[in-house]
Amino acid sequence: MLNVTARQELLSRIADTISIVVEEARFDFSENGLNVRVVDPSHVAMVKLDVDAVAFETWEVEEAMVGLEMKKLKELISLGGADDIISMTYDGKGDVLMNLGKIDRSSRPLDNNTLNPPNLPNLDLPCSVTIRGSELAQAFRAARQVGDLVTLSIDQEKFTIHVSGPNDSVTVVYGHDELQGITCESPAKSQYSLTYLVPLGKVFSSIESVTIAFGENFPLAMDFTFSDGSGSVKYFLAPRVEQEGY
Amino acid sequence: MLNVTARQELLSRIADTISIVVEEARFDFSENGLNVRVVDPSHVAMVKLDVDAVAFETWEVEEAMVGLEMKKLKELISLGGADDIISMTYDGKGDVLMNLGKIDRSSRPLDNNTLNPPNLPNLDLPCSVTIRGSELAQAFRAARQVGDLVTLSIDQEKFTIHVSGPNDSVTVVYGHDELQGITCESPAKSQYSLTYLVPLGKVFSSIESVTIAFGENFPLAMDFTFSDGSGSVKYFLAPRVEQEGY
Amino acid sequence: MLNVTARQELLSRIADTISIVVEEARFDFSENGLNVRVVDPSHVAMVKLDVDAVAFETWEVEEAMVGLEMKKLKELISLGGADDIISMTYDGKGDVLMNLGKIDRSSRPLDNNTLNPPNLPNLDLPCSVTIRGSELAQAFRAARQVGDLVTLSIDQEKFTIHVSGPNDSVTVVYGHDELQGITCESPAKSQYSLTYLVPLGKVFSSIESVTIAFGENFPLAMDFTFSDGSGSVKYFLAPRVEQEGY
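Parameters at a glance
- Per chain, residue numbering runs from 1 following the sequence as it is written.
- Numbering of ligands from 1 and lettering of chains from A proceed in the order in which they are written.
- Whole-chain, interface and lining totals are the exception, using all residues; otherwise, since this is a predicted model, local features are given only for residues with pLDDT of at least 70 and side-chain atom pairs are given and counted only at 80 or more.
- Values shown for side chains rest on all heavy atoms present in the structure; no hydrogens or waters enter the calculation.
- Helix numbers and strand numbers start at the N terminus; a helix is a DSSP run of H or I with at least 4 residues, a strand a run of E with at least 2.
- Note that the radius of gyration is over C-alpha atoms, with the globule rule given as 2.2 Å times the number of residues to the power 0.38.
- Type-normalised accessible area, obtained with a 1.4 Å probe on protein chains alone, sets the label of each residue: buried when under 20%, exposed when over 50%, and partly exposed for intermediate values.
- Throughout, a residue-residue contact means that at least one pair of heavy atoms, one from each residue, lies within 4.5 Å.
- Every accessible area reported is derived by Shrake-Rupley at a probe size of 1.4 Å, with residue values counting cover from the shown protein chains alone.
- Note on terms: buried area is the combined drop in 1.4 Å-probe accessible area of two parts once they are placed together, counting the loss on both.
- Here, a salt bridge means any side-chain nitrogen of Lys or Arg that lies within 4 Å of a carboxyl oxygen of Asp or Glu.
- A 3.5 Å cut-off defines polar contacts: any pair of N or O atoms within that distance qualifies, except that in protein one atom must be a possible hydrogen donor and the other a possible acceptor, and neighbouring residues in sequence count only when both atoms are side-chain atoms.
- We call Asp, Glu, Lys and Arg charged. Ala, Val, Leu, Ile, Met, Phe, Trp, Tyr, Cys and Pro are nonpolar, and the rest, Gly among them, are polar.
- An expected span of 1.5 Å times one less than the residue number is assigned to each helix.
- Strands are labelled as partners when DSSP assigns at least two bridges between them.
- Axis definition: a line fitted to C-alpha atoms, over the contacting stretch in the case of helices. Angles run 0 to 180 degrees between N-to-C directions.
- A residue counts toward the fit only if its pLDDT is at least 70 in both copies, and the copies are then superposed by least squares on the C-alpha atoms of those residues.
- Working definition: roughly parallel below 35 degrees, roughly antiparallel above 145 degrees, roughly perpendicular at 65 to 115 degrees, and oblique for all remaining angles.
- The handedness criterion is simple: a crossing whose near helix is rotated anticlockwise from the far helix by less than a right angle is left-handed, and one whose near helix is rotated clockwise is right-handed.
- Any two of the Phe, Tyr and Trp rings considered here, Trp counted by its six-membered ring, make a pair once their centres fall within 6.5 Å; the pair's planes then place it as stacked at under 30 degrees, edge-to-face at over 60, or tilted in between.
- For the domain bounds, the source is a domain assignment made automatically or taken from a database.

Enquirer: A description of the overall build of chain A should follow, citing residues and the corresponding values.
Expert: Counting secondary structure elements, chain A contains five helices and 18 strands. Taken against the 2.2 N^0.38 rule, which gives 18 Å for 246 residues, the C-alpha radius of gyration of chain A at 19 Å falls within 12% of a compact globule. Dimensions of chain A, computed from the C-alpha atoms along their principal axes, are close to 55 × 40 × 35 Å. Counting across all 246 residues of chain A, residues that qualify as buried make up 52%. Considering only residue pairs separated by 6 or more positions, chain A has 66% of its internal contacts joining residues 24 or more positions apart. Surface accessibility of chain A: about 11,200 Å² in total, with carbon and sulfur atoms responsible for 45%.

Here you go:
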């Protein structure tokens, strides 16, 4: 049994975050909150999104797993403003009922057997920096202007975002003092695809602190919270290891 | 002889309303005001628009019928702001002269023989509701997200807008108390195409009261006024009767 | 050696103005300021742009000629707001270094041998008018709605912009008193292509005074300044002479 209501703004943030990676997702509701784990079709990027029940306006939930199309959720969201209340009701079988103002939308949920939330890697990443989300979004956007493959490098003193194109390069260097935090046991450098990173910009633009952790040829992990910490997101991205013979 | 001036905002509303149904229209000017009757090429939707002379800034008119392309009128409108004054002059032959600020545009009117204003149905529709235009526009937009064919149903207690898609449905129910008015002799239900209804949203968004009248497999009639009642619009839409064997 | 900084707004205006005519341009920096001369690929329109060193925030320059792609300059500009400071550094060989906030962009300059700034005509044009830029932009936009070939005509009393299409015409007449200035030795009339003139609108919209000079089948010259007169632009456009036998 599921009966929850949320401000449009919260659902919008959830749908936008998941949409970075997938079109369809299984929403796992439990007594304590909502958990979503998704991986993109190429198995390069993953998102783990957890929202505590307190972030919602009302929360009456026994365990429920609901497969939803992000497009349909966004369609309903598009009908309202940030402060409008959206409800979602599901009795475990049949349709998911959503409401916004006078509008009731009934959707057959996706077959959960076709939605396989990934196992998330348990990573111990040696380096991390904490930075304002809008700064990171701008840097990724600048980097994308000259190429697709970004090199992140870090040591105890600075964090560097760098892309080289055939005739151009973009470099963004954040010194120790320009970051909200930096931790680095030993210098590291790794490459990632901006095709996956740039779409994060829309979500990042209103996030005060994003923590980026990575290591030499390790996956990248980005963490941030929203709704006063009751929502949290972990984003994983596989490294682009340049192989010999390529 | 025709010599009228109007605020850009009024002409914009007139052009937008007519454009819902046609690209070309005959504007019938008389001593008392402007009358336009148009039917879409499929003969499914009609608009009857009447604007009293008082809605215009100046009005010097002997009878005149002027065939205009909505695109040209909108082009001139697009050059000005809401408060700019646009004039239209026509001596019954030759070109129509329009002016906005320093700009004079001369257009050869369309041949009135190719423009045949339809005869409008004289309908006695058994049921009607009155509702805020922006609410109706939102409901049509929500309905369009799941299908094209909307079912309107009504009884003395409520007015319902419903669409079923293959996996989704949208239902909007307005109870007696949530409407500005409801009249219904006997319950009725009828289907209409949202392809025709959704474009009305642009016009409806600023209309305080729209009256929708319909009946079982009858055409739909929508009435609203603008410019403090000196402009009035009647929109007709044929029902989509599901035929046996389909 | 080149080491200059400018407000984003200034560079944006420079890049927009040059982009009216070309994708690539040679920026000639000297002790006193920046000079750019460009001609469009069809050799129909030319721009001469001069910006005094005082319009920049800082200016440390020995002579330098730098070939730049407008697209790249605009990409960097797009990352900042009007008040952000952008720097450009070049040591005469190697790459051009540009900076906006934390972002460093390095670009290999274009080969100056492929960029040939045109010789500008030395014209003594018999007639000229001075007019607000936004008015001129609106008139060109209105004219473009009915055709491509605009006729400018002038005498001591008025300046007229006119286009005839197959069924429509647009005429804009500015009387003596409606212009900031008019000079005309003998009446003149000449035709120009709006395909070249309309894109000027974006630049003109914030310009207080544009001076247009032309003569019978002469090129058109438009002059305007920005940044309190420290930036000046001269735009030349070849006439469209209707030839016999065409």
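Enquirer: For the interface of chain C and chain B, give the residues involved together with the corresponding values.
Expert: With 16 residues of chain C at the contact, the number on the chain B side is 12 residues. Note on chain C versus chain B: buried area summed over both sides is about 1,300 Å², and carbon and sulfur give 40% of it. Per-residue buried area on chain C facing chain B is highest for Q145, N167 and D168 of chain C; these three make up 40% of the total on that side. Here chain C is connected to chain B by three salt bridges. Ionic pairing is found between E178 of chain C and K102 of chain B, a salt bridge with its closest N-O pair at 2.6 Å. Where chain C packs against chain B, one counts 12 residue pairs in polar contact (both at pLDDT 80 or more). Put simply, the parts of the chain that give the side of chain C that touches chain B at least two residues each are α3 (133–144) and β13 (168–175) of chain C. A breakdown of the residues in the side of chain C that touches chain B according to their chemical character gives seven nonpolar, five polar and four charged.

Enquirer: Let's hear about the environment of V198 of chain A: which residues, and what values?
Expert: Residues and elements named next belong to chain A. Looking at the secondary structure, you find V198 in the loop between α4 (194–197) and α5 (200–204). Residue classification places V198 among the partly exposed positions, given a relative accessible area of 31%. Expressed as a C-alpha distance, the spacing of V198 and M65, which sit 133 residues apart in the sequence, is 30 Å. Beyond its immediate sequence surroundings of up to four residues, V198 is in contact with F140 and R144.

Enquirer: Please provide a residue-by-residue account of helix α3 (residues 133–144) of chain A, values included.
Expert: Compared with an ideal rise of 1.5 Å per residue, which puts 12 residues at 16 Å, α3 of chain A spans 17 Å between its outermost C-alpha atoms and is within 8% of the ideal. Of the residues making up α3 of chain A, those classed as buried are G133, L136, A137, A139, F140, A142 and A143 of chain A.

Enquirer: Now, about the sheet that holds strand β10 (residues 127–131) of chain A: what can you tell me, with residues and values included?
Expert: Residue and element names in this part refer to chain A. Pairing is antiparallel in the open sheet, where nine strands are placed in the order β6-β2-β3-β4-β18-β17-β16-β10-β14. Every other strand in the sheet has two partners, leaving β6 (64–69) and β14 (181–184) as the edge strands with one partner each. Averaged over all neighbouring strand pairs, the angle between strand axes comes to 15°, with direction disregarded. Sheet analysis places strand β17 (residues 220–226) next to strand β18 (residues 231–237), joined by seven bridges and oriented antiparallel.

Enquirer: Run through the relation of the copies chain A and chain B, naming residues and quoting values.
Expert: Each copy superposes on the other: chain A lies on chain B with an RMSD of 0.0 Å after a rotation of 120° and an axial shift of 0.1 Å. Such a turn and shift between the copies fits a three-fold axis.

Enquirer: Hey, could you go over the packing of helix α1 (residues 8–19) of chain A against helix α2 (residues 70–78) of chain A for me, with residue numbers and the actual values?
Expert: All names here are of chain A. Contact pair α1 / α2: the axes reach a minimum separation of 10 Å and the direction vectors enclose 150°. The pairing of α1 with α2 is recorded here as roughly antiparallel in orientation. The two elements α1 and α2 meet at a crossing, and its hand is left-handed. Taken together, the residues of α2 that come into contact with α1 (itself represented by Q8, L11, S12, A15, D16, I18 and S19) are M70, L73, K74 and I77. Partitioning the contact of α1 with α2 into residue classes produces six nonpolar, three polar and two charged.

Enquirer: Describe unusual backbone geometry, and please don't skip the residues or the numbers.
Expert: All names here are of chain B. Even without glycine at this site, D228 takes up a positive phi of about 55°. One can find D228 in the loop between β17 (220–226) and β18 (231–237). When its relative accessible area of 87% is taken as the criterion, D228 is described as exposed.

Enquirer: Lay out the packing of aromatic side chains in plain terms, naming residues and giving numbers.
Expert: Residues and elements named next belong to chain A. Counting across every chain of the model gives 21 aromatic pairs over all chains. Aromatic side chains F56 and W59 sit 4.6 Å apart centroid to centroid with 55° between the ring planes, which places their arrangement in the tilted category. Like W59, F56 is buried.

Enquirer: An account of the domain arrangement of chain A is requested, with residue identities and associated values reported.
Expert: Residues and elements named next belong to chain A. Split into domains, chain A comes out as domain 1 (2–114) and domain 2 (127–237). Averaged C-alpha coordinates put domain 1 and domain 2 at centres separated by 28 Å. Contact residues are listed per partner, giving 20 residues for domain 1 and 17 residues for domain 2. Summing the contributions of domain 1 and of domain 2, the shared interface buries around 1,500 Å²; its carbon and sulfur component is 63%. Considering only the surface of domain 1 that becomes buried against domain 2, R13, I20 and K48 emerge as the three largest contributors, covering 36% of it. Linking domain 1 with domain 2 are one salt bridge.

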